[in-house]
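# Fold and geometry: a report
Here is how the chains run, residue by residue.
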Amino acid sequence: MAFQTHLNDDTNEREKSYRDFSLDRPGKIIFVGHHLSTGTQVRCLIRTINLAGAVLEVSRMVEVPNHFFLEILGIRDEIGSTVVKREGDLVTISFNMLINAEFLHHVLRLSFEADV
């Protein structure tokens, strides 16, 4: 019998996906400057969010840096983010680290309470 090693035959392995939640909450894109200074800020609308990233709506006239901090209105934490793609006014981003599920629940609960 020939010696065999385990090989992953699935060359089209699916990317891990997370459930998207509709948020439609204002946020800020905070530009990262020299020595992590944060001077420039741009408003955005966070359309959807999940544990790994979000879709933002930003005017197509605004140039979004590849790396920035995202602040969700009403929450003081800043989330390190990276642009994945941009299509017109919609910017798909990934978070530099998965956000905590409890934090996501808190964000969604704040959004729900604001609607009531």
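Residues numbered from 1 in each chain as written. Predicted model: local features only at pLDDT ≥ 70, side-chain atom pairs only at ≥ 80, totals over all residues. Heavy atoms only, no water.

As annotated in an unreviewed UniProt entry, the chain carries the name PilZ domain-containing protein and comes from Rhizobium azibense.

With that settled, the discussion passes to the sheet that holds strand β1 (residues 21–31). With respect to topology, six strands assemble into a closed barrel ordered β1-β2-β3-β6-β5-β4, the strand pairing being antiparallel. With strand direction ignored, the average angle separating the axes of adjacent strands in the sheet is 45°. By the bridge criterion, five bridges tie strand β3 (residues 53–57) to strand β6 (residues 90–95) in an arrangement that is antiparallel. Its bridge partner being in β6, Val-55 is matched across the sheet by Thr-92. (Pairing = 2+ DSSP bridges. Helix = DSSP H or I, 4+ residues; strand = E, 2+ residues; numbered from the N terminus. Axes fitted to C-alpha atoms, helices over the stretch in contact; angles between N-to-C directions.)

Direction of pairing for β1 relative to strand β2 (residues 41–49): antiparallel, over a ladder of eight bridges. Looking across to β2, one finds that Ile-30 is bridged to Gln-41. Across four bridges, the pairing between β2 and β3 is antiparallel. What sits directly across from Ile-46, in β3, is Leu-56. What sits between the antiparallel neighbours β2 and β3 is a turn of three residues.

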